[in-house]
Amino acid sequence: MDHATTNYLTHCGGCHGIEGASPRTFVPLLRDHVGTFDCSAEGRAYLVRVPGVSMSLIRDDQELADVMNFVLFRLGRSSTPAAAKPFTAEEVHTLRAQPLTTTDLLKLRAEVLSRAAAQCPR
């Protein structure tokens, strides 16, 4: 297993599921869905700004970028746009410094996802 996979399993897989398929709870399903966020700049930023990511125990920005790329490309699979670019350490550093502060993450997630999906190439 590569380091990004190990970090995902250690820090994210307990809630999101080993293969990104969490049970139907407040924890979002990643497999075949998470890539839709990358259809907009707002959605892409959301992925790193969400508290579980921005405040992750993975403090190294490159390691977190690697995990986000694992999530986007390996778990997102067909939902990830063909033109999606890998996260960089610099991008992660900038975005995680601006964590989301909403008290209603479920509502915000739905709104951001809806706007991103509307921008996805068909």
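Residue numbering note: each chain is counted from 1, following its sequence as written. With the structure being a predicted model, the display of local features is reserved for residues of pLDDT at least 70 and the display and counting of side-chain atom pairs for 80 or more, all residues being used for whole-chain, interface and lining totals. Excluding hydrogens and water, the side-chain values take into account all heavy atoms of the structure.

Description of helix 5 (residues 61-75)
Here is step 1: Secondary structure counts use DSSP, requiring at least four H or I residues in a row for a helix and at least two E residues in a row for a strand, with both numbered from the N terminus. Given a helix with a known number of residues, its expected span is that number minus one, times 1.5 Å. With 15 residues, helix 5 extends 20 Å between its outermost C-alpha atoms, agreeing within 8% with the 21 Å of an ideal straight helix rising 1.5 Å per residue.
Here is step 2: We call a residue buried when its accessible area falls under 20% of the maximum for its residue type, exposed when it is over 50%, and partly exposed in between, using a 1.4 Å probe and counting protein chains only. Listed as buried for helix 5 are Asp61, Leu64, Ala65, Val67, Met68, Asn69, Phe70, Val71, Leu72 and Leu75.
Here is step 3: Those residues of helix 5 hidden inside the fold are in contact with helix 1 (3-11), helix 3 (41-49), helix 4 (51-54) and helix 6 (89-96).
Here is step 4: Pairs of N or O atoms are called polar contacts if they sit within 3.5 Å, as long as, within protein, a hydrogen donor faces a hydrogen acceptor (for residues adjacent in sequence, only side-chain-to-side-chain pairs). Of the residues that open helix 5, the one with a side-chain oxygen 3.1 Å from the backbone nitrogen of glutamine 62 is aspartate 60. Contacts were defined at the residue level, with two residues in contact if any of their heavy atoms lie within 4.5 Å.

Quick look at the nonpolar core
Here is step 1: One finds Tyr8, Tyr46, Leu47, Val48, Met68, Val71 and Phe87 to be the most contacted residues of the largest nonpolar core, which totals 27 residues.
Here is step 2: Counting only elements with at least two residues in this core, the list comes to helix 1, helix 3, helix 5, helix 6 and helix 7 (105-119).
Here is step 3: No other element matches helix 5, which puts eight residues into this core.
Here is step 4: Excluding residues that lie within four positions of it along the chain, methionine 68 makes contacts with Leu47, Val48, Val53 and Phe87. The term nonpolar core refers to a set of buried residues drawn from Ala, Val, Leu, Ile, Met, Phe, Trp, Tyr and Cys, joined through side-chain atoms within 4.5 Å.

A few points about the state of the cysteines
Here is step 1: The criterion for a disulfide is a pair of cysteine sulfur atoms lying within 2.5 Å. Inspection of the entire model under this criterion finds one disulfide.
Here is step 2: The disulfide partner of cysteine 39 is cysteine 120, and the gap between their sulfur atoms is 1.8 Å. Between cysteine 39 and cysteine 120, the disulfide has an S-S torsion of 80 degrees and is therefore right-handed. Linking cysteine 39 in the loop between helix 2 (13-16) and helix 3 with cysteine 120 in the segment after helix 7, this pair joins segments that are 81 residues apart in sequence. The pair cysteine 39 / cysteine 120 is uniform in exposure class, with both members buried.

A look at the packing of helix 3 against helix 6
Here is step 1: Here an axis means a line fitted to C-alpha atoms, over the contact stretch when the element is a helix, while the angle between two N-to-C directions is reported on a 0 to 180 degree scale. For the pair helix 3 and helix 6, interaxial distance at closest approach is 8 Å and the crossing angle is 75 degrees. As the angle between them shows, helix 3 and helix 6 are arranged roughly perpendicular. Only Glu91, Val92, Leu95 and Arg96 of helix 6 make contact with helix 3, whose side of the interface consists of Arg44, Ala45, Val48 and Arg49.
Here is step 2: In this classification, the charged set is Asp, Glu, Lys and Arg, the nonpolar set is Ala, Val, Leu, Ile, Met, Phe, Trp, Tyr, Cys and Pro, and all remaining amino acids, among them Gly, are polar. Considering only residue class, the contact of helix 3 with helix 6 consists of four nonpolar, no polar and four charged. Relative orientations are named as follows: roughly parallel for angles under 35 degrees, roughly antiparallel for angles over 145 degrees, roughly perpendicular for angles from 65 to 115 degrees, and oblique for any other angle.

Here's the deal with the pattern of salt bridges
Here is step 1: Salt bridges are identified by distance alone: a Lys or Arg side-chain nitrogen within 4 Å of an Asp or Glu carboxyl oxygen. Scanning all chains against the criterion turns up eight salt bridges.
Here is step 2: Across the pair arginine 31 and glutamate 19 runs a salt bridge whose closest N-O atoms are separated by 3.0 Å. Within this pair, whereas arginine 31 is found in the loop between helix 2 and helix 3, its partner glutamate 19 is found in the loop between helix 2 and helix 3, the two being separated by twelve residues in sequence.
Here is step 3: Arginine 31 sits in the partly exposed class, given a relative accessible area of 27%.
Here is step 4: Among the salt bridges present, the one from aspartate 61 reaches arginine 96, with a minimum N-O distance of 3.0 Å. Taken as a pair, aspartate 61 in helix 5 and arginine 96 in helix 6 lie far apart in primary sequence, 35 residues in all.
Here is step 5: The class for aspartate 61 is buried, based on a relative accessible area of 17%.
Here is step 6: According to the relative accessible area criterion, arginine 96 is buried, its value standing at 9%.
Here is step 7: Through salt bridges that share partners, Asp38, Arg44 and Glu91 make up one connected network.

None of the figures reported here should be taken as evidence of function without further support.
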